[in-house]
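Here are the chains, one letter per residue:
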Amino acid sequence: MCRHLAWLGEPVSPAALMLDPPSGLLVQSYAPRRQKHGLMNADGWGVGFFDGGVPRRWRSAAPLWGDASFASVAPALSSRCVVAAVRSASVGMPVEASASAPFSDGTWLLSHNGLVDRAILPATRDAESTNDSALLAALIFDRGLDALGQTIVAVAADDPNARLNILAANGSRIVATTWGDTLSVLRRDDGVVLASEPYDDDPAWEEIPDRHLVEVADAHVHLTPLKGS
Ligand code: GLN
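Remember, it's a predicted structure, so these values are computed and weren't measured experimentally.

Q: Just to check I follow, could you spell out the overall build of the protein chain for this structure?
A: Within the protein chain, the regular secondary structure consists of five helices and 13 strands. Rg of the C-alpha trace for the protein chain: 16 Å, near the compact-globule value of 17 Å for 229 residues, within the 12% margin. Across its three principal axes, the protein chain shows a C-alpha extent of roughly 40 × 35 × 35 Å. Counting over 229 residues, the protein chain shows a buried share of 54%. Counted over contacts in the protein chain with a minimum sequence separation of 6, partners at least 24 positions apart contribute 66%. Across the protein chain, the centroid of the 18 positively charged side chains sits 3 Å from that of the 27 negatively charged ones.

Q: I'm lost on the sheet that holds strand β6 (residues 109-115) in this one. Help?
A: Read from one edge of the open sheet, six strands run β5-β6-β7-β8-β12-β13, paired in antiparallel fashion. Looking along the sheet, the strands with just one partner apiece sit at the ends: β5 (103-104) and β13 (220-225). Looking at chain direction, strand β12 (residues 212-217) and β13 are connected through six bridges and run antiparallel. Each residue of the ladder has a partner; that of V216, found in β13, is V221. Across the sheet, helix α4 (residues 132-143) touches β5, β6 and β7 (163-169), and the angle it forms with β6 is around 130°. Helix α5 (residues 148-158) contacts β7, β8 (174-178) and β12 of the sheet and is inclined by roughly 160° relative to β7.

Q: For this particular structure, what's the right way to read the state of the cysteines?
A: Disulfides are covalent bonds that connect the sulfur atoms of two cysteines. Taken as a whole and assessed by the stated rule, the structure comprises zero disulfides. Just so you know, C2 is unpaired, no disulfide at all, and the nearest cysteine sulfur is the one on C81, 17 Å from it.

Q: Hey, could you run me through empty space enclosed by the protein in this one?
A: Here the idea is plain: a probe the size of a water molecule rolls over the atoms and shows the empty space left. For the structure shown, the criterion picks out one cavity of 30 Å³ or more. The computed volume of the largest cavity comes to approximately 140 Å³. When residues of the lining of the largest cavity are traced back to their parent elements, those giving at least two are β2 (45-51), β4 (79-87), β6 and α4. In terms of residue class, the lining of the largest cavity is made up of nine nonpolar, ten polar and two charged.

So, how was this worked out
Residues numbered from 1 in each chain as written. Predicted model: local features only at pLDDT ≥ 70, side-chain atom pairs only at ≥ 80, totals over all residues. Heavy atoms only, no water. Helix = DSSP H or I, 4+ residues; strand = E, 2+ residues; numbered from the N terminus. Rg over C-alpha atoms; globule rule 2.2 N^0.38 Å. Buried < 20%, exposed > 50% of the residue type's maximum accessible area, 1.4 Å probe, protein only. Contact = heavy atoms within 4.5 Å. Lys, Arg positive; Asp, Glu negative; His and termini not counted. Charge placed at Lys NZ, Arg CZ, Asp CG, Glu CD. Pairing = 2+ DSSP bridges. Axes fitted to C-alpha atoms, helices over the stretch in contact; angles between N-to-C directions. Disulfide = S-S within 2.5 Å. 1 Å grid on protein atoms, 1.4 Å probe; cavity = no way out; pocket = protein on both sides within 12 Å on 5 of 7 lines; lining within 4 Å. Points joined across faces, edges and corners; volume = space filled by probe spheres on them. Nonpolar A, V, L, I, M, F, W, Y, C, P; charged D, E, K, R; others polar.

Right under this line is the structure:
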C-alpha cells in the first residue's frame, strides 16, 4: 500500500505539497496516520508534474526522507498539476524506481494505492515494471481514463479482494477512485488537493466515501458511486 496525493490549481511547488505540511507525504513515509495496510512507506517514492503539457517525473526506490537532493530542488519547482506518492511495496513485488508511482503513458500521471492479484491482469509489454501497480496502470492506460470507473469495477469483479484506489491527472483534470482505502479532498482558494490522508488538521478536509469515482476539473469536485458486484 502507499499514500498518494494530487493537486490541480494555481502553480505550487511539490515541496509545499509533499515536504512542508506537518503530515505531508514526507511524514507519511514513516508515520502515516490512517494507513490500514503496512506500517510505513519506505520502498520508494515519486512525483510527477505537468510542465506546460509535458509530464515530468522524479522517482526513486529509496525512502523520501533520505532524499536531500529532492528536498533541495523541490522548492524551486512549480506546477498547476502534481501527482506524488510514497510506496510500501507489497510482498513479492520488486523495489525499483520504475515500480514507484506515478506511472505515465506520456499524457497521464497515475498512482495506485492498493493491491491486486497480478494473475487476473492481462499480460502486457507496456508496463513500466512487474509490480501489480505498474501492470494495473498499463491496463488503465490501454482502456482510457474516461473508462476508469468501468475498468476498476471489472478488475474488482475478477479479484474481489483487490484494493483499487487510483489517482490520475493529465494537467487539466484529476480522475480518482476509492475502492478499499481512504481518500480525502481539500478545496483551497487556490486549488484542490486529493490525498490518501489529510496532510494537516485543517477542518476543511472531507473524506470521500468508498467505491466512488472522483473527477476534479475547473475547481469542481464531482463524485459518482461505483457499483460493484
Ligand atoms: N501493490 C503495490 C506495490 O507493491 C503496493 C504499493 C502501493 O500501494 N502503491 O507496488
